[in-house]
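# Residue-level structure breakdown
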Amino acid sequence: MWFRRKFLLFSISWLLQLHAIAGFDTEDCPFGLLIRTQKVTATANGKTLVTPAGGRFRNFSMRDYSFGKDGKYQTKLYFPLRGATPENATAVVGLLHGMNAESSQAGSMFNGMNALTKLDKNIEKGSPLDEARKRGKRVDHVYAEAIDQPGCGNNCDLKTLTYEGLLDFYAEYFRDLRQRAPGKPVIAVGFCYSAGFLLEVNRRNPGLIDGLVLTGLIVPDPKIGFDFAAGVETRMYQDGTLIENPAVHSLADKAYLALPWSNVAHPNGNTPTLLLIGKNDPFQSPEAIQWFSQWAQRSGENLVFRHIEGAGHGVLGPVEGFPESFISVLADMNQLIGRTIHEPPK
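Residues numbered from 1 in each chain as written. Predicted model: local features only at pLDDT ≥ 70, side-chain atom pairs only at ≥ 80, totals over all residues. Heavy atoms only, no water.

### Some remarks on the overall build of the chain
Selection criterion: Per the convention used, a helix needs a DSSP run of H or I reaching at least four residues, while a strand needs a run of E reaching at least two, with both numbered from the N terminus. Partly exposed residues are those whose accessible area sits between 20% and 50% of the maximum for their type, while under 20% is buried and over 50% is exposed, using a 1.4 Å probe and protein chains only. By definition in these notes, contact holds between two residues if any of their heavy atoms fall within 4.5 Å.
A count of helical and extended segments in the chain gives 10 helices and 11 strands. A buried classification covers 55% of the 346 residues belonging to the chain. Within the chain, counting contacts between residues at least 6 apart in sequence, those at least 24 apart form 73% of the total.

### Some details on the nonpolar core
Here is the rule we go by: By nonpolar core is meant a set of buried Ala, Val, Leu, Ile, Met, Phe, Trp, Tyr and Cys residues that side-chain atoms within 4.5 Å join together.
Core analysis: the biggest nonpolar cluster contains 91 residues, and Phe 174, Leu 217 and Phe 292 have the highest contact counts within it. Tallying contributions element by element places helix α5 (residues 163–180) first for this core, with 9 residues. Not counting residues within four places of it along the chain, the set of residues in contact with Phe 174 comprises Gly 94, Leu 96, Val 186, Ile 187, Ala 188, Leu 198, Leu 208 and Ile 209.

### Quick word on unusual backbone geometry
In this structure, Asp 70 takes a positive phi of about 55° despite not being glycine. Here Asp 70 is to be found in the loop between β4 (60–67) and β5 (73–80). Its identity is not glycine, yet Cys 192 carries a phi of approximately 60°, on the positive side. As for its placement among the helices and strands, Cys 192 is situated in the loop between β8 (186–191) and α6 (193–204). Taking relative accessible area as the criterion, Cys 192 reaches 5% and is therefore assigned buried.

### So, the pairing of strand β6 (residues 91–96)
Which entries qualify depends on this criterion: DSSP-based pairing: two strands are paired if at least 2 bridges between them are found.
The buried fraction of β6 is high, at 6 of 6 residues. By the alternation rule, side chains of β6 split into Ala 91, Val 93 and Leu 95 and Val 92, Gly 94 and Leu 96, which are all buried. In this sheet, strand β7 (residues 142–147) lies alongside β6 in parallel orientation, the contact comprising 5 bridges. Bridge pairing in β7 places Gly 94 opposite Glu 145. Across 5 bridges, β6 lies against β8 in parallel orientation. Residue Leu 95 lies in a different strand from β8, and its bridge partner there is Val 189.

### Considerations on the sheet that holds strand β9 (residues 211–215)
Put simply, the rule reads: To get an axis, fit a line to the C-alpha atoms, keeping to the stretch in contact for a helix; angles then go from 0 to 180 degrees between the N-to-C directions.
If you walk across this open sheet you meet the 8 strands as β4-β5-β7-β6-β8-β9-β10-β11, and the pairing is mixed. Looking at strand neighbours, the two that pair on one side only are β4 and β11 (303–308), the edges of this open sheet. Pairwise comparison of adjacent strand axes, ignoring direction, gives a mean angle of 20° for this sheet. Pairing of β8 with β9 involves 5 bridges; the strand directions are parallel. Its bridge partner being in β9, Val 189 is matched across the sheet by Val 213. The sheet contacts of helix α3 (residues 110–117) involve β4, β5, β6 and β7, and relative to β7 the element is tilted by about 170°. Its contacts with the sheet place helix α9 (residues 286–299) against β9, β10 (273–278) and β11, and it is angled at close to 150° to β11.

### Re the packing of aromatic side chains
What counts is decided by this rule: By convention, a stacked pair of Phe, Tyr or Trp rings (six-membered ring in the case of Trp) has centres within 6.5 Å and planes under 30 degrees apart, an edge-to-face pair has planes over 60 apart, and any other such pair is tilted.
Under the counting rule described, the total for this entry stands at 15 aromatic pairs. Taking 5.8 Å as the distance between ring centres and 45° as the angle between the ring planes, the aromatic pair formed by Trp 261 and Trp 291 counts as tilted. Of this pair, Trp 261 sits in the loop between α8 (246–257) and β10 while Trp 291 sits in helix α9; the two residues are 30 residues apart in sequence, bridging distant segments of the chain. An identical accessibility class is assigned to Trp 261 and Trp 291; each is buried. An aromatic cluster is defined as three or more aromatic residues linked by ring pairs; in this entry it consists of Tyr 65, Phe 67, Tyr 73, Phe 169, Tyr 170, Tyr 173, Phe 174, Tyr 193, Phe 197 and Tyr 256.

### Concerning helix α10 (residues 323–342)
The following threshold applies: A helix's residues, less one, multiplied by 1.5 Å, set its expected span.
Compared with an ideal rise of 1.5 Å per residue, which puts 20 residues at 28 Å, α10 spans 29 Å between its outermost C-alpha atoms and is within 8% of the ideal. Buried residues of α10: Ser 325, Phe 326, Ile 327, Val 329, Leu 330, Asp 332, Met 333, Asn 334, Leu 336, Ile 337, Gly 338 and Thr 340, and no others.

### Quick word on the confidence of the model for the chain
The criterion, for reference: Each residue carries a pLDDT value, the predictor's own confidence for that position, ranging from 0 to 100.
Within the chain, residue pLDDT values average 76, and 67% of them lie at 70 or more. Looking across the chain, the model is least confident in helix α2 (residues 32–35), with a mean pLDDT of 34, and most confident in α5, with 97. Here residues 50–56 is a poorly scored stretch, pLDDT under 50, and it has 14 contacts once near neighbours within four places are set aside; other chains count.

### Overview of the pairing of β8
We apply this condition: Orient the strands so they point away from the viewer; a crossover is then right-handed if the path from the first strand over the helix to the second runs clockwise.
Buried residues dominate β8, accounting for 6 of its 6 residues. Covered by surrounding structure in β8 are Val 186, Ala 188 and Gly 190 together with Ile 187, Val 189 and Phe 191, the residues of both alternating faces. As for the winding sense of the linkage, the β-α-β connection from β8 through α6 to β9 is right-handed.

### Observations concerning the packing of α5 against α6
Packed helices, taken two at a time, are described by the angle between their axes plus the distance between the axes. Note the following rule: Orientation labels follow simple angle bins: below 35 degrees gives roughly parallel, above 145 gives roughly antiparallel, 65 to 115 gives roughly perpendicular, and whatever is left gives oblique. Each residue receives one of three labels: charged for Asp, Glu, Lys and Arg, nonpolar for Ala, Val, Leu, Ile, Met, Phe, Trp, Tyr, Cys and Pro, and polar for the others, Gly being one of them.
Running from N to C, α5 and α6 point in directions that differ by 75°, and their axes come no closer than 9 Å. In terms of orientation, α5 and α6 fall into the roughly perpendicular class. Two secondary-structure elements touch here, α5 through Tyr 163, Glu 164, Leu 166, Leu 167, Tyr 170, Ala 171 and Phe 174 and α6 through Ser 194, Phe 197, Leu 198, Glu 200, Val 201 and Arg 204. Among the residues making up the contact of α5 with α6, the classes are represented as 9 nonpolar, 1 polar and 3 charged.

### Here we look at the environment of Ala 171
Mapped onto the fold, Ala 171 is located in helix α5. The spatial distance from the C-alpha of Ala 171 to the C-alpha of Glu 200 is 9.8 Å, given a sequence separation of 29 residues.

### Describing the pattern of salt bridges
The condition that has to hold: Should a side-chain nitrogen of Lys or Arg be within 4 Å of a carboxyl oxygen of Asp or Glu, the pair is scored as a salt bridge.
A complete count under the given rule lists 11 salt bridges for this structure. With a closest N to O distance of 2.9 Å, Glu 200 and Arg 203 form a salt bridge. Note that Glu 200 and Arg 203 are positioned in helix α6 at a spacing of 3 residues, about one turn of the helix. Given a relative accessible area of 33%, Arg 203 falls into the partly exposed group. A salt bridge links Arg 204 to Glu 200; the shortest N-O distance between them is 3.6 Å. You can see Arg 204 and its partner Glu 200 sitting in helix α6, 4 residues apart, about one turn around the helix. Glu 200 sits in the buried class, given a relative accessible area of 4%. One connected set of salt bridges, linked through shared partners, spans Glu 164, Glu 200, Arg 203 and Arg 204.

If you want it as structure tokens, here you go:
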């Protein structure tokens, strides 16, 4: 009973704070609510970032980053301090995190960044990631980076959390990445909601993205996927392992449900695409898995669909008890990157 009362009071306080956030009109980013546990911080020398869970990722740095017309969008950019740069890389990768949970921020993509850029000192010896590094064929000189998306991490911009606003945000980001890496293949890696928005960005902007990696993709149709209004609350947060970010939750859901690509035969067009879905992903229904399989059959070599044993909603990290799963994920990602390198950028 005590816990229920405490939870009710906590929920009411969240709603009151959200009401205040609705009038957000400042660049000072004062809301502890929004970045309370998401914030990724740097040490004084800028060489170590600390994730909300307390894990350390060495040899990364972060900086202020603006892009779009007249620097319309402002956020934080996270990048390796050694290895390839956008200018000298063989291929460049933009890693986009999911939304809705307080753990949704750029730091959640660092496992993928580690693996793709071969930052060996970040990898624990003998770990599944170490095994993947030693045994998998790698694409050399890959540059990968991550950014905080609107309402997440160090980015307090809630105004962009609309359907057209988010699509423009992603499109402008990849245009800027292309300008920073002229002539290089650009690969977009999206998780959860970001994966779904990337499909529409790619449909609207042919040639902007050379390769897509979609992880934890959710079909934006309740008849195929699940009822968002009930599903998100009951499935994602029921065990308390994830904390909802209510400042983003309702806005992102509304925008995501407007995506039209579930009614399209080839949502990825002609762009080489890797679709990675965990077999234990609570956001997937049997109908969604069937839809993914049929999409793959229609697309031939342009879409590789992997239904990954032991994995849940996220697949860009070692799966406990299933190290081979992550090794195969890395192999598939490197194969896609290699394909974009051998096919001239659009």
